[in-house]
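# Structure assessment
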Amino acid sequence: MDTNQNVGPTFYTVRKVARILRVNPVTLYRAIRDDAFPAVRIRTRYVIPAAALNELIAEVTASGGCIDLAEVIAKRRMEREANRAGGASW
């Protein structure tokens, strides 16, 4: 018997996250395709990890202000690329 009835979902649909963030789903799909929003692709569908959404919410809350998601993603992308290149720095 499952006793964790209050546990939230592990993944959200793009439509659900768009509603949570109050943006158009098309905007979110565009961000996902541009690698500017975390998602998992399963064949032709995308799902968004609840952990990614929770992390975004925590980051905004901790900053005490407005964050630019595109800047956060760009920073993470640069870190990934630096790690792939053997950690070479400028």
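Here, every reference points to the structure presented above.
Overview of the structure. In this text, all values refer to a predicted model and were calculated from it rather than measured experimentally. (Residues numbered from 1 in each chain as written. Predicted model: local features only at pLDDT ≥ 70, side-chain atom pairs only at ≥ 80, totals over all residues. Heavy atoms only, no water.)

## Structural notes on the overall build of the protein
Short version of the rule: Runs of E in the DSSP output that reach at least two residues are strands. Runs of H or I that reach at least four are helices, and both are numbered from the N terminus. Here's how the labels work: a residue is buried when its accessible area is under 20% of the maximum for its type, exposed when over 50%, partly exposed in between, all with a 1.4 Å probe on protein chains only. Contact criterion: two residues are considered in contact whenever any of their non-hydrogen atoms come within 4.5 Å of each other. Where accessible areas are quoted, they stem from the Shrake-Rupley method and a 1.4 Å probe; at the residue level, only the protein chains shown are allowed to cover.
A tally of regular secondary structure across the protein gives 4 helices and 3 strands. N-terminal to C-terminal, the α/β element order of the protein is β-α-α-β-β-α-α. Within the protein, buried positions represent 21% of all 90 residues. Of the contacts formed within the protein by residues at least 6 apart in sequence, a portion of 44% connects residues at least 24 apart. Here the protein displays about 7200 Å² of accessible surface, and carbon together with sulfur accounts for 53% of that area.

## What to know about the packing of helix α1 (residues 14-21) against helix α2 (residues 25-33)
The line we're drawing: Here the axes come from fitting lines to C-alpha atoms, over the contacting stretch only for helices, and the angles between their N-to-C directions go from 0 to 180 degrees. Any angle between 65 and 115 degrees counts as roughly perpendicular, while under 35 counts as roughly parallel, over 145 as roughly antiparallel, and the rest as oblique. The sense of a crossing depends on the near helix, which, turned anticlockwise from the far helix by less than a right angle, makes the crossing left-handed and, turned clockwise, makes it right-handed.
Relative orientation of the contacting elements α1 and α2 amounts to 110°, with a least axis distance of 9 Å. For the element pair α1 / α2, the angle class is roughly perpendicular. Crossing geometry of α1 relative to α2 is assigned as right-handed. Between α1, through V14, R15, V17 and A18, and α2, the contact on the second element is made entirely by P25, L28, Y29 and I32.

## Focus: unusual backbone geometry
Despite not being glycine, R22 has its phi angle at roughly 60°, a positive value. For D35, which is not a glycine, the phi torsion comes out positive at approximately 60°. Within the secondary structure layout, D35 lies in the loop between α2 and β2 (40-42). Since its relative accessible area comes to 37%, D35 is described here as partly exposed.

## Side note on the pairing of strand β3 (residues 45-49)
Applicable threshold: DSSP-based pairing: two strands are paired if at least 2 bridges between them are found.
Of all 5 residues making up β3, 4 are buried, and the element is well covered by its neighbours. Judged from the 3 bridges that link them, β2 and β3 form a sheet pairing that is antiparallel. The residue of β3 that forms the bridge with I42 is R45.

## Notes on α2
Applicable threshold: Relevant arc is that of directions from the helix axis to the C-beta atoms, nothing else.
Those residues of α2 lying buried are L28, A31 and I32. Projected down its long axis, α2 shows its buried positions confined to an angular sector of 100°, all on one face. On the buried face of α2, the contacting elements are α1 and β3. Note on α2: the residue one or two positions beyond its end, D35, has a positive phi of about 60°.

## Comments concerning the sheet that holds β2
The strand order across the open sheet formed by 3 strands is β1-β3-β2, and the pairing between neighbours is antiparallel. Unpaired on one side and paired on the other, β1 (11-13) and β2 mark the two borders of the sheet. Averaged over all pairs of adjacent strands, the angle between their axes in this sheet comes to 40°, without regard to strand direction. The strands that helix α3 (residues 50-63) touches are β1 and β3; relative to β3, the one it contacts most, it runs at about 50°.

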